[in-house]
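Structure at a glance
For reference, the chains in residue letters:
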Amino acid sequence: MPGEKGRPSRRRRRRLLPATQIVAAALGVLGAELAVLAGWVEDPRLRIVLAVVTLLILSVAAVLGLLVRQSLRPADRFALPLFAGRQKELDDLVTMYDQHRARLRGERPGRPLVILIHGRPGIGKTALAHRFAAEIEEQYPDGRLYQNLGTAGEARAPRDILLSFLRELGWNDENVHAQSADELAGVFRAKTAEKQMLIVLDAARSAEQIKAVLPSGEQCTVLITSRANYLLGDNEDSPQTRSYRLGPMREDDAWLTFRSVCPVGLPAEMLAEITELCDGQPNALLAVGERARDVLTFSGRPPAAALQPLMAELRDGRTRLAALKHGGRDVADRFESEYAVLEPEVRKAFVFLTLSQSDTFTPWVLQPMLDIGTVEASNLMDRLCRVGLLDGKGRDPSGFVRYRMSPLIRLFAEQQRREPAWEEEIGAARSRFRLAYLAGTAQVLSVLYGGRRLALDQEVPAEWLPQLPGWERQVAANVGFWLRAEFGNQVETVLEAERQRQPVVCWRLAAMLGDCYTPPVRHDTVRHAFDLATKAAARDVNDPTAVIRVRLAKSGYLAAVQDYADAIGELRLVQHSPGTGHAAPLRAEGLFRLAFALHEIGHHEEAKKVLSEVDGRPPPAGNTVGNMAGSTVGSMVGGTAGIGSTAESAAEHWPVACAPLLLAESAALSTAEGWSAACAARRLPGQAPPHARFVESLLRARRDCRRRAGERCETALGRAGEIADGSLAGVAAVQRERLAYLLHCGTGREDVVSRAARGVVTNVRVGRPYGLAQARCDLGQALLRTGDVPGCLDQLDLAESQLRGNPMDGRPETGRLLARLWRLRGQARLAAGDHAEALESLGDADVWFAGHEPWAHAEILLLTGNAQRAAGRLVAALAAHATALDLFCRHGDQAMEELARQELTLTLGEMNGRPVRRRLVRALACRRP
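First, a word on scope: everything that follows refers to the structure included in this document. (Residues numbered from 1 in each chain as written. Predicted model: local features only at pLDDT ≥ 70, side-chain atom pairs only at ≥ 80, totals over all residues. Heavy atoms only, no water.)

1. A closer look at the overall build of the chain
The helix and strand inventory of the chain stands at 43 helices and 12 strands. With an accessible surface of roughly 39,500 Å², the chain has 52% of that area assigned to carbon and sulfur atoms. (Helix = DSSP H or I, 4+ residues; strand = E, 2+ residues; numbered from the N terminus. Areas by Shrake-Rupley, 256 points an atom, 1.4 Å probe, with all protein chains shown as cover.)

2. A closer look at the sheet that holds strand E11 (residues 391-395)
Spatial strand order, E10-E12-E11: 3 strands in an open sheet with antiparallel pairing. Edge positions in the sheet fall to strand E10 (360-361) and E11, since each of these pairs with one other strand and no more. Alignment of E10 against strand E12 (residues 401-404), held across 2 bridges, turns out to be antiparallel. Directly across from Phe361, in E12, lies its bridge partner Tyr403. (Pairing = 2+ DSSP bridges.)

3. Let's talk about the environment of Gln219
Tracing the chain through its elements places Gln219 in the loop between helix H9 (207-212) and strand E6 (221-226). In sequence terms Gln219 and Met197 are 22 residues apart; their C-alpha atoms lie 7.2 Å from each other. Look past the residues within four positions of Gln219 in its chain and what remains in contact with it is Tyr140, Glu194, Lys195, Gln196 and Met197. A distance of 3.3 Å separates polar atoms of two side chains, one belonging to Gln219 and the other to Gln196. (Contact = heavy atoms within 4.5 Å. Polar contact = N/O pair within 3.5 Å; in protein donor to acceptor, adjacent residues only side chain to side chain.)

4. Looking at the environment of Arg683
Within the secondary structure layout, Arg683 lies in the loop between helix H31 (645-670) and helix H32 (690-706). Setting aside residues up to four positions removed in sequence, Arg683 forms contacts with Glu696, Arg700 and Arg719.

5. Here we look at unusual backbone geometry
Following Pro519, the chain continues into Pro520 via a peptide bond in cis, with omega recorded as 15°. If you trace the backbone, Pro520 turns up in the loop between helix H25 (503-510) and helix H26 (523-538). The phi angle at Asp371 is positive, at roughly 55°, despite the residue not being glycine. Relative to the helices and strands, Asp371 resides in the loop between helix H18 (366-370) and helix H19 (374-386). Although it is not a glycine, Asp515 adopts a positive phi angle of roughly 65°. Residue placement: Asp515 occurs in the loop between H25 and H26.

6. Description of the sheet that holds E6
Spatial ordering of the open sheet is given by E2-E5-E6-E1-E7, a layout of 5 strands whose pairing is parallel. Edge positions in the open sheet fall to strand E2 (144-148) and strand E7 (241-245), since each of these has one partner strand only. Strand after strand, the sheet turns through a mean of 15° between neighbouring axes, direction not considered. Here E2 pairs with strand E5 (residues 198-204) via 5 bridges, running parallel. By the bridge assignment for E5, Leu145 is matched with Ile199. Across the sheet, helix H5 (residues 87-103) lies against strand E1 (113-118), E6 and E7, angled at about 170° from E7, the strand it touches most. (Axes fitted to C-alpha atoms, helices over the stretch in contact; angles between N-to-C directions.)

7. Details of the nonpolar core
Counting 195 residues, the largest nonpolar core has Phe350, Leu353, Leu366, Leu384, Trp507 and Tyr517 as its most contacted members. Non-local contacts of Leu384, meaning those with residues more than four positions away in its chain, are made with Leu342, Val346, Ala349, Phe350, Leu353, Leu389 and Leu390. Formed by 28 residues, the second largest nonpolar core is a distinct cluster that contains Leu116, Ile199, Ile224 and Ala228. (Core = buried A, V, L, I, M, F, W, Y, C linked by side-chain atoms within 4.5 Å. Buried < 20%, exposed > 50% of the residue type's maximum accessible area, 1.4 Å probe, protein only.)

8. Some words on the packing of helix H41 (residues 874-891) against helix H42 (residues 894-911)
Here H41 crosses H42 at 160°, and the two axes come no closer than 9 Å. When the axes of H41 and H42 are compared, the pair comes out roughly antiparallel. Where H41 crosses over H42, the handedness of that crossing is left-handed. On H42, the residues that touch Leu874, Val875, Ala877, Leu878, His881, Ala882, Leu885, Phe888 and Cys889 of H41 are Met896, Glu897, Ala900, Arg901, Glu903, Leu904, Thr907, Leu908, Glu910 and Met911. Here the contact of H41 with H42 is composed, by residue class, of 13 nonpolar, 2 polar and 4 charged. (Parallel < 35°, antiparallel > 145°, perpendicular 65-115°, else oblique. Left-handed = near helix turned anticlockwise from the far one by under 90°. Nonpolar A, V, L, I, M, F, W, Y, C, P; charged D, E, K, R; others polar.)

9. Focus on the side chain of Asp279
Position of Asp279 relative to the elements: it lies in the loop between helix H11 (268-277) and helix H12 (282-297). Of note is the side chain of Asp279, whose polar atom sits 2.6 Å from the side chain of Arg120. Among residues more than four places away in sequence, those in contact with Asp279 are Arg120, Pro248, Arg404, Ser406, Pro407 and Leu408.

10. Concerning the pattern of salt bridges
Scanning the model with the defined rule gives 57 salt bridges in all. As a salt-bridge pair, Arg383 and Glu343 come within 3.4 Å of each other at their nearest N and O atoms. Here Arg383, found in helix H19, pairs with Glu343, found in the loop between helix H16 (331-339) and helix H17 (344-352); they are 40 residues apart in sequence, far enough to count as distant. The partly exposed category is assigned to Arg383, whose relative accessible area is 26%. According to the relative accessible area criterion, Glu343 is partly exposed, its value standing at 39%. Of the charged contacts in the structure, one is a salt bridge between Arg702 and Glu737, with a shortest N-O distance of 2.8 Å. On the criterion of sequence distance, the pair formed by Arg702 in helix H32 and Glu737 in helix H34 (residues 728-745) is long-range, its members being 35 residues apart. The buried category is assigned to Arg702, whose relative accessible area is 15%. (Salt bridge = Lys/Arg side-chain N within 4 Å of Asp/Glu carboxyl O.)

So, in structure tokens, the structure goes:
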């Protein structure tokens with residue numbers, strides 16, 4: 001083989017490469033840490049010395065990196081860009097490869113194995129491909145070939161690619177320039193026919209381009225990266241082809257990627273936010289990491305403060321893409337390379353898709369925007385998906401193909417939309433889209449409300465709506481998913497219905513929008529939509545329950561975003577609305593929602609009193625479904641008019657079925673006897689409304705969390721997560737409950753911090769103060785568990801300022817959260833050795849918990865006893881620990897009972913034989929063993 005003489009020396013050099021790379025990386029980390037240290041030093045002379053040493057170390061690291069690069073073969077040099085994380089994806093590819101090799105052992109397939117990694121621009125396909133190639137290249141003794149098949153959106157000619165391959169194989173023909181691509185392909189295939197080679201084709205642009213440069217050797221493997229899955233079609237089922245879709249990085253992998261270029265420690269919340277804003281894209285994370293490293297190298301401030309300007313750029317959607325440009329990395333340039341070569345109509349479709357206010361969408365949204373039909377819209381979506389500007393999400397429950405535009409690509413598309421050339425067309429497209437969406441919603445509502453047609457005054461062309469028979473019934477049969485997936489568009493449609501003077505459509509749609517929230521629609525817009533719907537409902541003389549339905553939906557939205565005081569206000573209005581026989585199920589629903597809201601803010605006794613008013617009579621046996629919208633939540637679930645009495649029964653009478661579960665949970669928190677009491681509540685049927693099943697799953701998860709039943713708790717939260725899919729507020733609630741279990745049971749230290757940080761970022765997106773303050777308390781508790789007392793106190797200060805610095809100060813829902821905040825602050829002060837501050841904070845917390853939640857009161861007594869003992873007040877500590885032990889015994893919490901006994905034993909040991917000790921031991925011996 002050509003180049004055989006140079007192989008031994010090259011191998012010797014390559015054996016030294018790992019050690020050299022490690023030394024270079026270690027020197028880079030040391031230089032970055034010294035740069036941060038220099039910023040903290042006050043002595044100017046010492047600061048200069050540190051700066052000089054830092055520059056020398058970084059220079060040596062750069063020289064070593066250059067030596068490493070020069071020692072590599074051309075094919076290996078492209079593998080140098082940092083690869084961090086993605087271990088699961090790498091394992092998947094290796095498993096796929098090994099299974100294929102095992103299956104074909106002893107056979108002659110007659111063609112090379114082809115593995116294609118596809119995904120959107122900047123997702124890390126090239127780095128993963130080269131890392132995978134490094135894993136398997138030892139199985140190919142004849143070497144590895146590499147070629148980039150496309151640059152800046154343009155495809156390289158197959159002839160150029162083949163010529164490069166042949167030159168690397170040592171082929172020198174004087175007549176090479178006169179030979180065609182087909183002739184060169186013949187030579188290439190002849191030379192690789194009997195070889196065992198690994199061939200990497202990076203950034204492929206089409207299936208034809210791939211086919212033109214494939215080798216013929218059946219012992220070869222071809223590894224391809226592309227933005228589209230070019231193996232779709234006839235080749236996809238071939239035993240010699242495999243495709244792998246690469247998505248965004250998981251959070252732990254994203255953190256590894258960022259830290260690989262910026263090893264300086266950053267707050268967990270900041271890392272989680274960077275991961276969120278970069279959408280898990282490796283090139284974006286590396287660009288931010290390199291910028292952050294450069295800032296910290298020359299800044300004298302703490303990392304969190306020094307990076308605030310960079311974080312402000314990332315948070316602002318108009319400047320984020322510019323912030324993701326650093327050195328040779330440019331996230332927007334990857335998108336521009338595809339956008340620039342799109343056909344005009346495809347480019348227009350890409351820009352106009354930003355008019356949709358939902359995270360995912362179906363092809364029909366383009367029909368009114370571009371005034372085209374279903375087939376044309378589907379083709380445009382498919383074209384955008386093939387170049388990586390859209391992600392295919394498969395078929396939704398209604399059978400429609402859904403697509404998603406990633407946040408960074410959406411920002412790029414919105415930048416293009418702001419160009420003056422689009423201004424006039426954008427306005428007209430938005431008007432057509434809103435009108436068509438209103439018409440489609442009216443048709444779905446007609447199905448849901450027993451076939452009563454809701455016609456619009458303005459005629460809408462048929463080609464603006466899905467041209468599929470019975471599409472309205474498909475959507476109506478899965479209306480819950482439709483409402484969550486299209487929440488932003490639905491809110492806009494409520495406003496459009498009011499503009500078009502369609503009060504019935506306005507209030508009926510709003511009456512189905514409860515228990516959900518997903519950005520980018522703003523909260524003031526959602527509240528305004530509900531206010532307009534309430535006025536529209538008041539004008540509907542045909543349905544006396546219209547206003548009640550809208551208020552129930554609004555209360556569900558408010559509770560979902562944890563605006564509990566406003567939700568309780570709406571529900572109080574429901575209870576005082578004029579009563580009719582038709583409103584009885586709605587009133588029961590209102591009572592249950594009111595009890596749940598009161599329970600969430602810690603008013604358990606009042607919640608139990610409200611629950612006692614829920615009608616406990618069994619549901620009637622044989623009702624027919626006359627009005628499926630008999631329950632606000634029922635009309636948004638997976639049942640529709642005419643489906644059957646079981647669906648109606650589940651929709652109307654779920655409050656009665658759920659009441660025992662909520663009553664048991666309130667009793668568990670407000671009384672010692674109820675903590676471990678069993679609850680025989682039956683599981684709700686599948687026809688029950690999503691909100692009802694979601695609340696039921698959360699309540700069961702909390703019960704299992706108290707009992708430290710991890711598997712059952714995770715199962716219940718898994719069900720809740722499936723129901724909440726599509727609603728960011730629901731996702732935040734599930735995250736919070738899962739974190740509560742981890743904190744309660746004390747498992748997974750690092751995982752707890754990362755989960756808590758993710759919860760803060762999620763609640764920043766939700767954008768409501770109570771939820772954000774609660775998430776910061778969770779993060780503070782997680783940090784305290786890892787021993788980061790200053791970080792905990794910082795989070796608690798931020799949480800308190802979040803509550804005190806807005807109109808929520810003094811509202812009823814803040815009492816429980818503030819008490820929890822003070823408890824955590826007391827625990828942190830105790831860990832820091834500040835016993836006086838700890839006792840003061842714990843005392844403030846106990847003012848609330850002692851009157852509302854005895855288990856939490858016992859926990860505070862336990863901490864108070866520890867603080868008293870640390871301060872030398874042993875008698876007071878003894879009394880606190882004894883009372884805490886008694887309370888935990890009464891609750892039946894054996895884990896906390898054992899902990900209290902241990903603390904009591906320590907306190908008794910420190911008393912060193914005082915007379916009170918013997919009397920107390922005799923008293924304790926009479927308690928539960």
